[in-house]
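Structural overview
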Amino acid sequence: MNKKLYVLLAAGVLALAACKNETATAQNEAAEAAAATEVAGDQAAAAADAAGTAAAEGVDAAAAATGEAAAETGAAVTEATDAAAAAATEATADAANAAADATQEAADAAAATADKADAAAEEAKK
């Protein structure tokens, strides 16, 4: 599109340069060509401005998307860390309970053995 505008601009300039006729009609046509050339130049500038604005918006959108992705990744890492900590706490608690149960069973077995030893000693005294 920009190439077409520049071609029109160049054609307008060439047309103006070629027109050396001093009649009123020629002067009107030259004025119209000059106006069209000016409009084409304005449109080319507006198109360039729009392209620059679109590029800037694209960069802003990409930056925003990157920021959101980083925030979401951070949140996911935090959730995973929290879940791992909770699982480790639960596993530690389970292991402590199992150790306590095993200790109690050993104590019960030792008490039973002591009772049997006492009974045997009493029997031996008789």
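A few points on the structure. All figures in this text were calculated on a predicted structure; none of them were measured in a lab.

So, on to the overall build of the chain. Assigned secondary structure in the chain consists of two helices and zero strands. Expressed as a percentage of its 126 residues, the buried residues of the chain come to 6%. Carbon together with sulfur atoms contributes 63% to the accessible area of the chain, which is approximately 9400 Å² in total.

For the rest of this paragraph, the subject is helix H2 (residues 24-125). Taking 1.5 Å of rise per residue, 102 residues should cover 152 Å, and H2 covers 150 Å from first to last C-alpha, within 8% of that figure. Turning to H2, its buried residues number three or more, namely Ala26, Ala33, Thr37, Ala40 and Ala44.

You can see Thr37 is positioned in helix H2. On the basis of relative accessible area, Thr37 is assigned to the buried category, the value being 12%. Only 2.7 Å separates the side chain of Thr37 from the backbone oxygen of Ala33, close enough to count as a polar contact.

Definitions and cut-offs
- Residues numbered from 1 in each chain as written.
- Predicted model: local features only at pLDDT ≥ 70, side-chain atom pairs only at ≥ 80, totals over all residues.
- Heavy atoms only, no water.
- Helix = DSSP H or I, 4+ residues; strand = E, 2+ residues; numbered from the N terminus.
- Buried < 20%, exposed > 50% of the residue type's maximum accessible area, 1.4 Å probe, protein only.
- Areas by Shrake-Rupley, 256 points an atom, 1.4 Å probe, with all protein chains shown as cover.
- Expected span 1.5 Å × (residues − 1).
- Polar contact = N/O pair within 3.5 Å; in protein donor to acceptor, adjacent residues only side chain to side chain.

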